[in-house]
Amino acid sequence: MPTPGHHTPHKVVVIGGGYAGTLAANHLRMREDVDITLVNPRPEFVDRIRLHQFVAGTGVATVDYGTLLGEGIQLVVDSATRIDTAARTVRLASGRALDYDHVIYAVGSTGPIPSSVPGAAEFAVSIAEFESARRLRARLDELPADAPVTVVGAGLTGIETAAELAEQGRRVTLVCGATLAPTVSAPGRRYIAKWLSRHGAAVLEANMVTEVRPDAVVLADGAVRASALTIWAAGFGVPELAAASGLRTDELGRPLTDETLTSVDDDRVVAAGDAAAPSGRPLRMSCYAAGPLGAQAADTMLSRIAGTEPAVISLAFSGACASLGRRAGIRQLARKDDTAVNVYVGGRLGAAIKETTCKLGVSKIRREASKPGSLLWFKGGPRPEQPATATRAGKPR
């Protein structure tokens, strides 16, 4: 029994130590009576927005959790395999089980390689995870400087990867599948295309990879292009933990939540970051959204602990940025709803903005560790009307 005058701590397990989960864990320290456990499969924080630099050997992409987590947060290096909502335990790959009163589901996203493309799973390597990025770096170190490299996917990650390698003189082909940089304005796309062309990268905008071979890729038009290394940077996926735990999910596998990020199946489970699908209308998967969603997930949980009604999420976008090698970049401006406008900043100033943004991703987590509740973000972005399917099904507890 608790000692008179003392309260039993509220046990919170945060699953996932990325941008959203780590910030959420720090934010929870606004209350002193919360026992916080952070579960992550790696012993170090992965700064995912620098993985393309890590692959190219121009930067590091890991940070010591000791510099990021606030005092009292317990780090468990393990993988969650199931959330047992009936027993209120998180089961781990090691066989351990962690009891909880509340869970923050922040498992992030993955970069799956589609089985529908023959040879892709065997011969292409994703850049979305640290382990696969490490394999890519090792492969690049073994390749001659003039060996052909193919990057599949022309979102910002694919563009950054292709640009980083092209700047080093690599023979890079970027296969877009459709449009180069589809989330960027037309002027911004022209700027990116011109930079890539100037640095010798071949951009195949209206083509797609239909097969990956050990030494080549086959395109939709039947062309076969030599490829000593094929890097997959197309699309996002999410871990299957929510579905494995019996939670309702969207088509991608993100747990469905209401506008407070609370699971529609269990109000002791709150989602954050790339793994959240509020009202079935998830925000863009990004470091930009992850931190604020982590803070708001923690706020929702703190409200539930306090017995008050949690606030609905509020996040306004302002644009996105991408590096083009080490000396150029682009900052694309956007409306609050994340729709790009025809204004961008390029060149060295664009690179400086991108580097500042990367540093802020980690420094905001550190600041939250030293001063819980300090994170600031743009608010007021539009959110959809909540559909009936996002009404919480569990009884309040």
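For the structure itself, consult the block above.
Everything numeric in this text was worked out from a predicted model, so none of it was measured.

Colleague: When you look at the overall build of the protein in this model, what are you seeing that I'm missing?
Modeller: A count of helices and strands for the protein gives nine helices and 23 strands. Relative to the globule expectation of 21 Å for 397 residues, the C-alpha radius of gyration of the protein, 22 Å, shows essentially globular dimensions. Principal-axis analysis of the C-alpha atoms gives the protein an extent of 70 × 45 × 40 Å. In the protein, which comprises 397 residues, the share counted as buried stands at 52%. Across the protein, contacts joining residues at least 24 apart in sequence account for 64% of those joining residues at least 6 apart. Total accessible area on the protein stands at roughly 17,400 Å², and carbon and sulfur atoms take up 53% of it. Of the side chains in the protein, 45 bear a positive and 40 a negative charge, and the two mean positions are spaced by 5 Å.

Colleague: It is not clear to me how the nonpolar core should be interpreted in this structure. Could you clarify?
Modeller: General note: in soluble globular proteins, nonpolar side chains tend to be found buried as a group. Formed by 60 residues in total, the largest nonpolar core has its most connected members in Leu 28, Val 90 and Ile 104. Excluding residues within four positions of it along the chain, Ile 104 makes contact with Val 13, Val 14, Ile 15, Ala 24, Leu 28, Val 270, Ala 272, Ala 297, Ala 298 and Met 301. If you look at the next biggest cluster of nonpolar residues, it comprises 40 residues, including Val 125, Phe 130, Trp 195 and Ala 233.

Colleague: In this structure, what is going on with the sheet that holds strand S6 (residues 80-84)? I would like to understand it.
Modeller: Two pairing modes exist for strands in a sheet, parallel and antiparallel, and in both the strands are linked by backbone hydrogen bonds. In space, the three strands of this open sheet follow the order S6-S7-S8, with antiparallel pairing throughout. Each having just a single partner strand, S6 and strand S8 (97-99) make up the two edges of the open sheet. Across the sheet, the mean angle from the axis of one strand to that of its neighbour is 20°, orientation sign disregarded. Inspection of the sheet shows S6 paired to strand S7 (residues 89-92) by four bridges, in the antiparallel sense. Bridge assignment links Asp 84 to a residue of S7, and that residue is Thr 89.

Colleague: Can you help me understand the side chain of Ser 126 in this one?
Modeller: Checked against the element boundaries, Ser 126 lands in strand S10 (residues 124-126). Excluding residues that lie within four positions of it along the chain, Ser 126 makes contacts with Gly 111, Ile 113, Ser 132, Ala 133, Leu 136 and Trp 232.

Colleague: Where do I start with the pattern of salt bridges in this structure?
Modeller: Where charged atoms of side chains with opposite charge meet at close range, the side chains can pair. The tally for this structure, following the rule as stated, stands at 14 salt bridges. Note that Asp 33 is salt-bridged to Arg 31, the shortest N-O span being 2.7 Å. Glu 211 is the salt-bridge partner of Arg 213, the closest N and O atoms lying 3.3 Å from each other.

Colleague: It is not clear to me how the pairing of strand S2 (residues 34-40) should be interpreted in this structure. Could you clarify?
Modeller: Where a strand is regular, its side chains alternate between the two sheet faces. Across the seven residues of S2, six count as buried, placing the element largely inside the fold. Inspection of the sheet shows strand S1 (residues 10-15) paired to S2 by six bridges, in the parallel sense. Across the sheet, Lys 11 pairs through a bridge with Asp 35, a residue of S2. Two strands pair when backbone bridges link them, and S2 and strand S5 (residues 74-77) are joined in this way by four bridges, in the parallel orientation. For Asn 40, the partnering residue across the bridge sits in S5 and is Val 77.

Colleague: Would you mind going over the packing of helix H1 (residues 19-27) against helix H8 (residues 287-306) with me for this structure?
Modeller: The axes of two packed helices give the description: the angle between them and the distance between them. The geometry of H1 relative to H8 is characterised by a closest axis approach of 7 Å and an angle of 35° between their N-to-C directions. Judged by the twist between their axes, the crossing of H1 over H8 is right-handed. Contact with H1, carried on its side by Tyr 19, Ala 20, Leu 23, Ala 24 and His 27, involves Cys 287, Ala 290, Gly 291, Gly 294, Ala 295, Ala 298, Asp 299 and Leu 302 of H8 and no other residues of that element.

Colleague: Before we go on, may I ask you to explain the sheet that holds strand S23 (residues 340-345) in this structure?
Modeller: Read from one edge to the other, the open sheet built from three strands follows the order S21-S22-S23, with strand pairing classed as antiparallel. In this open sheet, the two edge strands, each paired with only one partner strand, are strand S21 (319-324) and S23. With direction set aside, neighbouring strand axes in the sheet form an average angle of 20°. Pairing of strand S22 (residues 328-334) with S23, which is carried by three bridges, proceeds in the antiparallel orientation. What sits directly across from Ala 334, in S23, is Ala 340. Against the sheet, helix H9 (residues 347-370) makes contact with S21, S22 and S23, and its axis sits at roughly 75° relative to S22, the strand it touches most.

Colleague: I would appreciate a short explanation of the packing of H1 against H9 in the present structure.
Modeller: Where H1 contacts H9, the two axes come as close as 8 Å, and the packing angle between them is 20°. It follows that H1 is roughly parallel to H9 by the angle criterion. Here H1 and H9 pass one another in a crossing that is left-handed. Listed contacts from H9 to Tyr 19, Thr 22, Leu 23, Asn 26 and His 27 of H1 are Gly 361, Lys 364, Ile 365, Glu 368 and Ala 369. For the contact of H1 with H9, a count of residues per class yields four nonpolar, four polar and two charged.

Colleague: For this particular structure, what's the right way to read H1?
Modeller: Along H1, nine of the nine residues are buried, which leaves the element largely enclosed by surrounding structure. As for H1, its buried residues are in contact with S1, S2, strand S3 (44-46), strand S9 (102-105), H8 and H9.

Colleague: Would you mind showing me how to read the side chain of Thr 300 here?
Modeller: Summarising the element assignment, Thr 300 is placed in helix H8. We classify Thr 300 as buried; its relative accessible area is 2%.

The rules behind the values
Residues numbered from 1 in each chain as written. Predicted model: local features only at pLDDT ≥ 70, side-chain atom pairs only at ≥ 80, totals over all residues. Heavy atoms only, no water. Helix = DSSP H or I, 4+ residues; strand = E, 2+ residues; numbered from the N terminus. Rg over C-alpha atoms; globule rule 2.2 N^0.38 Å. Buried < 20%, exposed > 50% of the residue type's maximum accessible area, 1.4 Å probe, protein only. Contact = heavy atoms within 4.5 Å. Areas by Shrake-Rupley, 256 points an atom, 1.4 Å probe, with all protein chains shown as cover. Lys, Arg positive; Asp, Glu negative; His and termini not counted. Charge placed at Lys NZ, Arg CZ, Asp CG, Glu CD. Core = buried A, V, L, I, M, F, W, Y, C linked by side-chain atoms within 4.5 Å. Pairing = 2+ DSSP bridges. Axes fitted to C-alpha atoms, helices over the stretch in contact; angles between N-to-C directions. Salt bridge = Lys/Arg side-chain N within 4 Å of Asp/Glu carboxyl O. Left-handed = near helix turned anticlockwise from the far one by under 90°. Parallel < 35°, antiparallel > 145°, perpendicular 65-115°, else oblique. Nonpolar A, V, L, I, M, F, W, Y, C, P; charged D, E, K, R; others polar.

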